[in-house]
Amino acid sequence: REHSFPGSWFNDNSPMYTDLFHLYPTDGYVNGIRSNHAFGETDNPTYTSQNGSKRGPSSYPGYSGTVFEPIDEFKGDFARSYFYMATRYYSIFDSFSSPMQTGDNFSVWAIDMFIEWHQNDPVSQKEIDRNEEIYLIQGNRNPYIDHPEWVCTVFGCDVITDNDSEI
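The shown structure was predicted, so the numbers you read here are calculated from the model rather than taken from an experiment.

Some points on the overall build of the protein chain
Helix and strand counts for the protein chain stand at six helices and eight strands. N-terminal to C-terminal, the α/β element order of the protein chain is β-β-α-β-β-β-β-α-β-β-α-α-α-α. The C-alpha radius of gyration computed for the protein chain amounts to 15 Å, which stays within 12% of the reference 15 Å derived for 167 residues, consistent with globular compactness. If one aligns the C-alpha atoms of the protein chain with their principal axes, the spans along those axes are about 40 × 40 × 30 Å. Counting all 167 residues of the protein chain, 44% fall into the buried class.

Here it is in structure tokens:
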């Protein structure tokens, strides 16, 4: 399993450590390669997994460290997991230590990237089903799966119409 939000960022403390909304099945070797690097995008990977996930220097504006880039199919899922973590643990979020955050919120570059990921990889039936199963076990839901429009409400993204004019 992978803590998509690395446990070292919150000292493996509970309840974050066992919160199912950021735990995903993964290949153990690839999870080790990811380590506790931030999610991001890279144009010059130093490692590429069999499924196409990459580790390398960030090519996303605003961050220059090493990142792990998941395949496109999971980018929106991870973005919504991260939005959930920031919302669910808001009262203690500033005690976390992550290269993706500034104080009690994500850094601007991370918010911008996650909004892009969220918009480019909409909620899937797989996510809806997973949200329901986690609710049955954990008793809470990821609101950004139930209401994807809330990402813009909470994190301030621009909504683009078909004619590319901002709303």
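Things to note about the packing of aromatic side chains
Inspection of every chain in the model, using the stated rule, returns 25 aromatic pairs. Seen from their ring centres, F93 and F96 are 5.3 Å apart, and the 55° between their planes marks the pair as tilted. Owing to a relative accessible area of 0%, F93 belongs among the buried residues under this scheme. With relative accessibility at 6%, the residue F96 sits in the buried group. Lying over the aromatic face of F39, R34 brings its terminal NZ or CZ to 4.0 Å of the ring centre. Positioned over the ring face of Y135 is R141, at 5.3 Å from the centre of the ring.

Considering the nonpolar core
Ranked by internal contacts, the top residues of the largest apolar core, which has 40 residues, are F5, M100, F106 and F114. Those elements that provide at least two residues to this core are α1 (28-34), β3 (38-39), β6 (66-69), α2 (72-88), α3 (108-120) and α6 (150-155). Among all residues touching F5, those that are not within four sequence positions of it are F10, H22, Y82, M85, F93, F96, Q101 and F106.

Here we look at the packing of α2 against helix α4 (residues 125-138)
The contact between α2 and α4 brings their axes to 12 Å, and the two run at 35°. Both α2 and α4 take part in a crossing whose hand is right-handed. Within the contact between the two elements, α2 uses E73, F74, G76, D77, R80 and Y84 and α4 uses K126, E127 and Q138. Classifying every residue of the contact of α2 with α4 gives two nonpolar, two polar and five charged.

Some details on the sheet that holds β6
Strand order in this open sheet of four strands is β3-β6-β5-β4, and the pairing throughout is mixed. Each edge of the open sheet is held by one strand with a lone partner, namely β3 and β4 (47-48). Sheet analysis places β3 next to β6, joined by two bridges and oriented parallel. Across the sheet, F39 pairs through a bridge with F68, a residue of β6.

Definitions and limits used
- Residues numbered from 1 in each chain as written.
- Predicted model: local features only at pLDDT ≥ 70, side-chain atom pairs only at ≥ 80, totals over all residues.
- Heavy atoms only, no water.
- Helix = DSSP H or I, 4+ residues; strand = E, 2+ residues; numbered from the N terminus.
- Rg over C-alpha atoms; globule rule 2.2 N^0.38 Å.
- Buried < 20%, exposed > 50% of the residue type's maximum accessible area, 1.4 Å probe, protein only.
- Phe/Tyr/Trp six-rings, centres within 6.5 Å; stacked < 30°, edge-to-face > 60°.
- Lys NZ or Arg CZ within 6 Å of the ring centre and 35° of its normal.
- Core = buried A, V, L, I, M, F, W, Y, C linked by side-chain atoms within 4.5 Å.
- Contact = heavy atoms within 4.5 Å.
- Axes fitted to C-alpha atoms, helices over the stretch in contact; angles between N-to-C directions.
- Left-handed = near helix turned anticlockwise from the far one by under 90°.
- Nonpolar A, V, L, I, M, F, W, Y, C, P; charged D, E, K, R; others polar.
- Pairing = 2+ DSSP bridges.

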